[in-house]
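Geometric and topological summary
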Amino acid sequence: MEQRPLIAKVALSIPVHKEFDFIIPDLLQSVATIGKRAKVPLRNRERWGVIIAITEESRVSSDLEALITVADDPSYTVADVEFCRWMSDRYLAPLGIVINRPLPQRVTESVKRYYQSTVGVTEAALVIDKLKRRAPRQAALLQVISTISTSMISEAELSGQLGEVRRQLIRLREEGLIKEVQPTTQTRESLPILSIDETAAVKQICAKFTQGGRVLLHGRDRRGIYHHVVAEAIKRGESALILVPERLLLSQIFHSFRTQWGEIVEIYHGGLSEGERGRIWNRVRSGDCLIIVGTRSAIFLPFTNLRLIIIDEEQDSSYKQQDMLPYYHAREATFMKGEITRKHRQAPLLLLGSVAPSVETFHATHTEEIELIRLKQQARKSDVEIKVIDLRRVRKSDLCISPQLRQAITATLSHGKKVLLIVNRRGYFPVVLCKECGQSLRCPQCGINLVYHFTTSQLLCHLCSTVYHQMRCSQCHSRALRFLGVGTQRVEAEINRLFPAAATIRIDTDTMRKKKEQLSFTRRDSDIVIGTPMVAKGSQWTQLGLVGVVSADTFLGRPDFRAAERTFQLLANSVSQIESGRIIIQTYFPDQYAIRYFALDDYDGFYHEEIDYRKQFFYPPFSYLAKIILRDNDQQQKKIEMIKKILAPFPVDLLGPTKTPGVKKEEKYLLVKGATSTSVCEATTALLHAISELRIDIDPL
DNA sequence: AGATGCACTTAT
DNA sequence: TAAGTGCATCTA
């Protein structure tokens, strides 16, 4: 008897909250399965999508088209499709976008060349010194290769860090300073030796392997523990995913696992080439690769036997995708990944790590959704001294470097150690006031403060990059201006004046545009580093003796209920940069609780004060938020009225509209605030159905 | 008439 | 997303 053809539901990469049905032709019957990529006809064109379901019926009345082809790889597992569907529902992003964006379209079987240093670190340092002048690029290259010592590094990864390096590699090989190695000739190192405290923590964590679960590891120096826990997962023949917040932090941790485990370890992030991502995708799917060190997008990889997910620096805001759909939080997504894995096979263990955990996570350890394991030394190292400088008592307050900080810098440099200065804003004067009307100068397009850049003598909008040559008030056109605030350029200028002999480097978005190789080289070589908070992430620095937070108030003063938390975390991160030495914090509010508790090395004290504040003002984790983003258009007011009307029957509050700080043009947002996650979810889903073209950010940061 | 621009619709 | 449509405006 004639059988009716099966129908494939295909999620296409178009911003529409629906999937499309196609007939599966007989020939493709066996290959068209859930999770595979399929080529389909759409409006007389061909497009690729992902098969998310196979059904017998279609609710589409007109004649259906048929699938054109099905690609065998790369593909998703059934559990991955379920995961993407959850993400689409949770973060209100079309499934087609969620599922197609991380999936590579191509796979390359590239033959990669790996290199290793043939000389020791000390010997390499001598050669580097000699090479520096004549061949700076070779010097930088050797620097990178020699610091990973017994590990190996591929040309692809090197050029990712330093730019085009082929000729320099050949030259260094000719000189006998490096050699090409096969990935298999790897020397395995034994696991790091742990303290009694750490051994106990490993034991406690590994005990959770049988049932799975969530653990927060609170403390510093977590790497050794990670190694042991990963070893346990691998011993069981299963895989581990190690997440870090940013690409910059991948290399170090990746190489420490590479030396341990060889080729079963891969690095993964969104910046890899399509082909490379495809290759890793397949290796994960087939089980050839068991350990992934990656950024948030690595949660989409098609693991078939995932047993462990480590989320290091779990408090870091980079885990939330902010710039494109879906606006997901990788920490929350791993929780669901865990649930889905549990359903399909076995519950994995989720291990969150931080010195200064997010308020949400720490709160969850009290409600017992997450188990807390603490290391004895939580944040402070015994030989790190923390000093808060009360700027109200500093006389020459027109300078950004107080005499105390200046003195500390002098002392640090004289000991041959390096200095890291953290400044929140880039440019010279981040605030320009008009003396006539008292208004700050703003970008007429974006409505954010214009920043004075000294080097170019111009006013710059940091958002749309528009340059204003005319130095006059945009409101009243007065030329009488007052320049205020502390930016990276201003600190740099002041440091150059105070310490003319020191080698200084500034690291912010302005200088990052410079050639990669120059930067990565000089950053290791400078005495004083001045940078935006990104320089305090991970542990990128060696030989640091002092971290100076030039103005803690610019962090505290942000219009954000998380300002105190962010400040505490930044300060805690600055400690991780140092082995021994000093942290100096300059502030006009030394009694502010984030600063006070940090100076006392008391995370719990901070947490209790912060959680009281959150409770009192009904902020997360006591309430749930969603941000409704209104792009600029003339119907804004009308839309706001509609939103109010639609939300009226729901048990949620509506706040705003507010101009989005630091975001383009006339963009405004409304905040939906509810007592349960369900109430916010139902309200926002209703909105999405009623008004298309709305951007909704669930659990915004 | 034909070209160009722009807002709006909608796909299986 | 991006092709197709209708409608207004411009050009010679």
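Bear in mind the structure is a predicted one, so any value in this text is a computation, not a measurement.

Describing the overall build of chain A
Counting its secondary structure elements, chain A contains 22 helices and 30 strands. The C-alpha radius of gyration computed for chain A amounts to 27 Å, which stays within 12% of the reference 27 Å derived for 701 residues, consistent with globular compactness. Here the C-alpha coordinates of chain A stretch approximately 95 × 70 × 50 Å along the principal axes. Per-residue burial over chain A gives 54% buried out of 701 residues. Taking all contacts inside chain A whose residues are at least 6 apart in sequence as the whole, residues at least 24 apart take part in 74%. Accessible surface, chain A: about 32,200 Å² in total, of which carbon and sulfur atoms supply 50%. Side-chain charges in chain A split into 97 positive and 79 negative, and the spacing between the mean points of these groups amounts to 5 Å.

Describing the protein's contact with DNA strand B
Near DNA strand B you find Val16, Phe20, Asp21, Phe22, Pro41, Leu42, Arg43, Val60, Leu64 and Glu65, and these make up its full shell. Backbone atoms, meaning sugar plus phosphate, form 52% of the atoms of DNA strand B positioned within 4 Å of the protein. Between DNA strand B and aspartate 21, the relevant distance is 2.5 Å, taken from a base oxygen to a main-chain nitrogen or oxygen of the residue. Elements with a minimum of two residues in the surface near DNA strand B: strand S2 (20-23) and strand S3 (37-42). Classifying every residue of the surface near DNA strand B by side-chain character gives 7 nonpolar, no polar and 3 charged.

A short note on the packing of aromatic side chains
Two aromatic rings, taken as a pair, are described by how far apart their centres are and by the angle between their planes. Enumeration according to the criterion identifies 16 aromatic pairs in this entry. Between phenylalanine 362 and tyrosine 603, the aromatic rings sit 4.8 Å apart at their centres with planes inclined by 80°, giving edge-to-face as the arrangement. Taken together, the residues span a long stretch of sequence, with phenylalanine 362 in helix H12 (residues 359-366) and tyrosine 603 in helix H20 (residues 603-616) at a distance of 241 residues. As far as burial versus exposure is concerned, phenylalanine 362 and tyrosine 603 are alike and both buried. Seen in terms of ring centroids, tyrosine 593 and phenylalanine 606 are 5.7 Å apart; in terms of plane orientation they differ by 25°. Their pairing is stacked. On the criterion of sequence distance, the pair formed by tyrosine 593 in helix H19 (residues 593-599) and phenylalanine 606 in helix H20 is long-range, its members being 13 residues apart.

The rules behind the values
- Residues numbered from 1 in each chain as written.
- Chains lettered and ligands numbered in written order.
- Predicted model: local features only at pLDDT ≥ 70, side-chain atom pairs only at ≥ 80, totals over all residues.
- Heavy atoms only, no water.
- Helix = DSSP H or I, 4+ residues; strand = E, 2+ residues; numbered from the N terminus.
- Rg over C-alpha atoms; globule rule 2.2 N^0.38 Å.
- Buried < 20%, exposed > 50% of the residue type's maximum accessible area, 1.4 Å probe, protein only.
- Contact = heavy atoms within 4.5 Å.
- Areas by Shrake-Rupley, 256 points an atom, 1.4 Å probe, with all protein chains shown as cover.
- Lys, Arg positive; Asp, Glu negative; His and termini not counted.
- Charge placed at Lys NZ, Arg CZ, Asp CG, Glu CD.
- Near = heavy atom within 4 Å.
- Polar contact = N/O pair within 3.5 Å; in protein donor to acceptor, adjacent residues only side chain to side chain.
- Nonpolar A, V, L, I, M, F, W, Y, C, P; charged D, E, K, R; others polar.
- Phe/Tyr/Trp six-rings, centres within 6.5 Å; stacked < 30°, edge-to-face > 60°.

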